Amino acid sequence: MNDRPGFMEKLAFFGGVAGGALMGGASGFLLLYLTDVVGIGAAAVGTLMLVARIVDGASDPIMGYVVDHLPVTRWGRFRLYVLIGGILCAFCLVALFAAPAWFPDALLAAWITYLLWGLLLDLFQIPVTSLLPVVAGDPRTRGQLAAIVGLTGLLAAALSTGATLPIVAALGGGTAGWLKYVSVMALAGCVLVTIMAVRVRERVQPLSPERYRLKDVRRIFFGHKAVPILLTSKVAVQAASGSLTAALPYFALYYLRDQAFLSAAALAMAVPMVIGAVAVPGLARRSGVKPWYLTSLGVAIAGLALIAVVPAATLPVLVCLAFTGFGLGGAVALGLVLLAELADYTEWKHGFRTEASLAAMTSFATKAGGGVGGGLLAYTLAATGYRSGGVGQNPEAIQGVLYAQSLIPAAIGAVGALVFAAYPITKAVAEQAAAELAERKNHLLVG
């Protein structure tokens, strides 16, 4: 059987990831929507972002276990659940913006829909992330797919950052403009996810049909330090990325006082992201994923930190964001390669395929990190006197926006890099695991 997907299959994979990223990118503006359109206080929204995402993320290990043990259908282990989860997420995205505007208690409606969004996102993101290790088994193709996933997600986020506010304004602004916009994103995402689920194939099958049990989870994931280190590092990196993304609209509107900056920032980050997501995995094949992942994080951290010291002008900030984009592009793509290597490593050590549970780890990291990043932004705004409702801000609040865009995400990212420095799966270990797994599979085929 051909172990390598063709161009059309890769395109479908690209489209499905893009569909999810479009929906996720639209949801990333919820903080701005709730404070400046619905009129909820920044501290209240910050508590919502922080608590809801962490509480929801705590259910991810259970969801990962469930997905790993769902019935195998004629579509394979994951594709049907990608389709179901994508459709449900599309409906929930619209509710996420509609309910706080339509119901009398806007904050309660936001809590309910945001918690529901997180749960439904599990049903989509965990099977999607689980697909990467099973679509192809060879490192080269996995690197290409990881680059596709990382590049697509980052590009969608960057384009969403640049295009959302102008599009919402063109649609009339206010609640009606936002609802039109998220409805279009939900429909587009649903279509792209459906194409992905239909066209992608699952090639890598478990060595054994036996599945791990609940009592095996602790031994498999916490019997060695690889999983805790990668999980902690990913939470920090996602928190840095979440703070960066959530702060950009405030940074443009109140620090630079230039809404058009968002479009320029999207372009300034997008091109380096493409270069980083494509080039860095290729470099990592030669010398290993770990050193290049740390290098990518270092570049992103430096770019963020420099925003705090360069002049408050568009061009210097765009240069800093370009460095940040390159680093994030490489780090996100390599993060997915790390996940695929870890799936092989756990099967090599314990005999079970655990793609969904490892994907749940990534989902938890994304949610917890996004919650921490969004929460830190909101708390920083509240602590520095930010006033909701789209009104003018005092100098202290504007300085808080600058910190939230630069020093805070840089510091969080540095913590993630320091933790990851202790990651034990080197290039030699990953190659040994892959080689021995291939030998076991050949032995089973011969036998």
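Residues numbered from 1 in each chain as written. Predicted model: local features only at pLDDT ≥ 70, side-chain atom pairs only at ≥ 80, totals over all residues. Heavy atoms only, no water.

Glancing now at the overall build of the chain. Each helix and strand counted, the chain has 17 helices and 0 strands in total. The burial tally for the chain puts 55% of its 447 residues in the buried class. The long-range fraction of contacts in the chain, counting pairs at least 24 apart against all pairs at least 6 apart in sequence, stands at 85%. Accessible surface for the chain amounts to roughly 17400 Å². Of this, 70% is attributable to carbon and sulfur atoms. (Helix = DSSP H or I, 4+ residues; strand = E, 2+ residues; numbered from the N terminus. Buried < 20%, exposed > 50% of the residue type's maximum accessible area, 1.4 Å probe, protein only. Contact = heavy atoms within 4.5 Å. Areas by Shrake-Rupley, 256 points an atom, 1.4 Å probe, with all protein chains shown as cover.)

This part covers the side chain of Ser243. Position of Ser243 relative to the elements: it lies in helix α10 (residues 226-255). Using a relative accessible area of 1% as the deciding quantity, one classes Ser243 as buried. A distance of 3.0 Å separates the side chain of Ser243 from the backbone oxygen of Ala404, its partner in a polar contact. (Polar contact = N/O pair within 3.5 Å; in protein donor to acceptor, adjacent residues only side chain to side chain.)

All right, on to the environment of Ser357 then. With respect to the helices and strands, Ser357 occurs in helix α14 (residues 355-383). Sequence-wise, Ser357 and Asp60 are 297 residues apart; in three dimensions their C-alpha atoms are separated by 8.2 Å.

Quick look at the packing of helix α11 (residues 261-287) against helix α12 (residues 289-307) now. Interaxial distance between α11 and α12 falls to 7 Å at its minimum, and their mutual angle equals 140°. Classed by the angle they form, the pair α11 and α12 counts as oblique. Across from Val280, Leu283, Ala284 and Ser287 in α11, the residues of α12 making contact are Val289, Pro291, Trp292 and Ser296. For the contact of α11 with α12, a count of residues per class yields 6 nonpolar, 2 polar and no charged. (Axes fitted to C-alpha atoms, helices over the stretch in contact; angles between N-to-C directions. Parallel < 35°, antiparallel > 145°, perpendicular 65-115°, else oblique. Nonpolar A, V, L, I, M, F, W, Y, C, P; charged D, E, K, R; others polar.)

Interhelical geometry of helix α1 (residues 7-27) versus helix α8 (residues 174-199) gives an angle of 155° and a closest axis separation of 7 Å. One finds that α1 runs roughly antiparallel with respect to α8. Here the hand of the crossing between α1 and α8 comes out left-handed. Class assignment for the residues of the contact of α1 with α8 results in 17 nonpolar, 5 polar and 2 charged. (Left-handed = near helix turned anticlockwise from the far one by under 90°.)

A few words on the packing of aromatic side chains. This structure, assessed with the given rule, holds 11 aromatic pairs. Taken together, Phe29, Tyr33, Phe97, Trp178 and Tyr181 form an aromatic cluster joined through their ring pairs. (Phe/Tyr/Trp six-rings, centres within 6.5 Å; stacked < 30°, edge-to-face > 60°.)

Inspection of the entire model under this criterion finds 1 salt bridge. The salt bridge involving Lys427 is made with Glu431; its shortest N-O contact spans 2.5 Å. Of this pair, Lys427 and Glu431 both sit in helix α17 (residues 427-446), 4 residues apart, which is roughly one turn of that helix. (Salt bridge = Lys/Arg side-chain N within 4 Å of Asp/Glu carboxyl O.)

With that settled, the discussion passes to the nonpolar core. Within soluble globular proteins, side chains that are nonpolar generally end up buried alongside one another. Core analysis: the largest hydrophobic core is formed by 126 residues, its most contacted members being Phe13, Phe261 and Leu342. It is helix α13 (residues 314-350) that contributes the most residues to this core, 16 residues altogether. Contacts of Phe13, omitting those with residues within four sequence positions, involve Leu131, Leu132, Val135, Leu145, Ile148, Val149, Met196 and Val200. (Core = buried A, V, L, I, M, F, W, Y, C linked by side-chain atoms within 4.5 Å.)

We now examine α10. With 30 residues, α10 extends 41 Å from end C-alpha to end C-alpha; this agrees with the ideal 44 Å at 1.5 Å per step. The axis of α10 is deflected most strongly, by about 40°, at Ala247, and proline Pro249 appears within four residues downstream. Most of α10 is tucked away, with 23 of its 30 residues classed as buried. Positive phi shows up at Arg257, right after α10, with a value of about 55°. (Expected span 1.5 Å × (residues − 1). Bend = angle between axes of the 7 residues up to and from the residue.)

Below, the discussion takes up the environment of Leu96. Summarising the element assignment, Leu96 is placed in helix α5 (residues 79-102). Among the residues examined, Leu96 registers a relative accessible area of 1% and is labelled buried. For Leu96 and Ala109, which are 13 residues apart along the polypeptide, the C-alpha to C-alpha distance reads 8.4 Å. Residues contacting Leu96, with those up to four places away along its chain left out, are Ser27, Leu30, Thr113, Tyr114 and Trp117.

The gaps left among the atoms become clear once a water-sized probe is rolled over them. What the rule picks out here adds up to 2 cavities of 30 Å³ or more. When its volume is computed, the second largest cavity comes out at roughly 80 Å³. Along the walls of the second largest cavity sit Val237, Ala240, Ser241, Leu244, Leu297, Ala300, Ile301, Leu304, Thr324, Leu328, Pro409 and Gly413, which together make up its complete lining. Residue assignment for the lining of the second largest cavity shows that the elements contributing at least two residues are α10, α12, α13 and α16 (407-420). Of the residues assigned to the lining of the second largest cavity, the class counts are 9 nonpolar, 3 polar and no charged. (1 Å grid on protein atoms, 1.4 Å probe; cavity = no way out; pocket = protein on both sides within 12 Å on 5 of 7 lines; lining within 4 Å. Points joined across faces, edges and corners; volume = space filled by probe spheres on them.)

Another aspect to go through is a nonpolar patch on the surface. The grouping of Phe7, Met8, Leu11 and Phe14 at the surface amounts to a nonpolar patch, some 420 Å² of accessible area in total. Secondary-structure assignment places Met8 in helix α1. (Patch = residues over 30% accessible without salt bridge, like charges linked within 9 Å, V, L, I, M, F, W, Y side chains within 5 Å.)

Bringing the state of the cysteines into the picture now. Under the defined criterion, the tally for this structure stands at 0 disulfides. Looking at the unpaired Cys190, the closest cysteine sulfur is the one in Cys89, lying at 9.9 Å. (Disulfide = S-S within 2.5 Å.)

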